[in-house]
Amino acid sequence: MRPSSVSPAISTPLFSRVDSAGAWIAPAALRALLAWEFVESGLEKFNGENWFAELGDKFPWPFSLLGADASWFAATWLELIGGLALLIGLGTRYAAFALWVLTVVAIHAVHWPDQWSSLSELWQGYAISDQGHGNYKLPLIYLAMLLPLALGGGGRLSLDHLIARSFGSRSGAVADAAADRRTWALIALGFGLPTALLLPWFGAALIALAAALALTAQWRRALPLRNTAAVRG
């Protein structure tokens, strides 16, 4: 009787092929659905009347500086252009992050409860229809769907992948611990700033994490230089 250790060897090729197929299908499915939603929303704004003036001062700074007309124009074309960019997978990370920020602003201005004193009270706004506690369920789902595209890109079935294969450098780059920390710092800062509009304490924690990672990355980068100088001395 052969040992049971052969079963991982049998299953590993299968799941590696599933991973390969997933790199084509999963991001493309997210992009297609999100493209439909944002383009549809953009077309409604393009063909409709500007109701942003009715929101008053609900837009957070610095978006409140734009005014109702400029905000309507920016939101309309960001949804249209960003949605189309997601559909074809061109500049996917940039489009997804821009739409992520737009969605956070929309939650703050339209879907977030005016007042809440506890997380349990805030959770009552996790709904499709507003029952007096906000209705941020659908845009929160959009945020969760945009996140893997902003961080992972458009996948293999995208123009980004085609361009990278055609014109990208084949030499590659060697990642080190300091570079990893700087990358995580950039991610924490990029998502921490808009998140602070909705949850200041959570956004501040992400910003503080970004600062700590950036400082430790700088320290780790300088450490080999100091060690080299000490050896030479």
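Right above here is the structure, for reference.
In this text, all values refer to a predicted model and were calculated from it rather than measured experimentally.

**Q** When you look at the packing of aromatic side chains in this model, what are you seeing that I'm missing?
**A** The way to describe two aromatic rings as a pair is by their centre distance and the angle between their planes. Evaluation of the coordinates by the stated rule reveals 14 aromatic pairs. On the basis of an interplanar angle of 50° and a centroid distance of 6.4 Å, the ring pair of Phe 73 and Trp 77 is categorised as tilted. On the criterion of helical spacing, the pair formed by Phe 73 and Trp 77 is a turn pair, its members being four residues apart in helix H2 (residues 68-88). A relative accessible area of 55% places Phe 73 in the exposed class. Given a relative accessible area of 35%, Trp 77 falls into the partly exposed group. Measuring from ring centre to ring centre gives 5.3 Å for Phe 97 and Phe 191, while their planes differ by 90°; the resulting arrangement is edge-to-face. Separated by 94 residues along the polypeptide, Phe 97 in helix H3 (residues 92-111) and Phe 191 in helix H7 (residues 177-195) bring together distant segments of the chain. Judged by its relative accessible area of 10%, Phe 191 is buried. An aromatic cluster of three or more residues is present, and its members are Trp 112, Trp 116, Trp 123, Tyr 126 and Tyr 136.

**Q** Help me understand the nonpolar core, please; the structure alone is not making it clear to me.
**A** Taken as a class, soluble globular proteins show a tendency for nonpolar side chains to be buried jointly. Membership of the largest hydrophobic core comes to 32 residues, with the highest contact counts inside it found for Leu 34, Leu 86, Trp 112 and Leu 146. Tallying contributions element by element places H3 first for this core, with 10 residues. Apart from residues lying up to four places away in sequence, Leu 34 is in contact with Leu 86, Tyr 142, Met 145, Leu 146 and Leu 149.

**Q** Any chance you could explain helix H5 (residues 137-152) here in plain terms?
**A** Taking 1.5 Å as the rise per residue, H5 with 16 residues should run 22 Å; its terminal C-alpha atoms sit 23 Å apart, in good agreement. All of the buried residues along H5 are Pro 139, Tyr 142, Leu 143, Met 145, Leu 146, Leu 149 and Ala 150. Count one or two residues on from H5 and you reach Gly 153, which has phi positive near 90°.

Rules of the game
- Each chain carries its own residue numbering, running from 1 in the written order of its sequence.
- Totals for whole chains, interfaces and linings use every residue, but because this is a predicted model, local features are given only for residues with pLDDT of at least 70 and side-chain atom pairs only at 80 or more, for both listing and counting.
- Derived side-chain values reflect all non-hydrogen atoms in the structure, with water molecules and hydrogen atoms excluded from consideration.
- Centres within 6.5 Å make a pair out of two Phe, Tyr or Trp rings, where for Trp the six-membered ring is used; the pair is then stacked when the planes are under 30 degrees apart, edge-to-face when over 60, and tilted otherwise.
- The numbering of helices and of strands both runs from the N terminus, where a helix is a DSSP run of H or I of at least 4 residues and a strand a run of E of at least 2.
- Relative accessibility decides the category of a residue: with a 1.4 Å probe and only protein chains considered, values under 20% of the type maximum give buried, values over 50% give exposed, and everything between is partly exposed.
- For this analysis, a nonpolar core means a set of buried residues of the types Ala, Val, Leu, Ile, Met, Phe, Trp, Tyr and Cys, connected via side-chain atoms within 4.5 Å.
- Here, residues are in contact when the closest pair of their heavy atoms is within 4.5 Å.
- Helix span, as expected, comes to 1.5 Å for every residue beyond the first.

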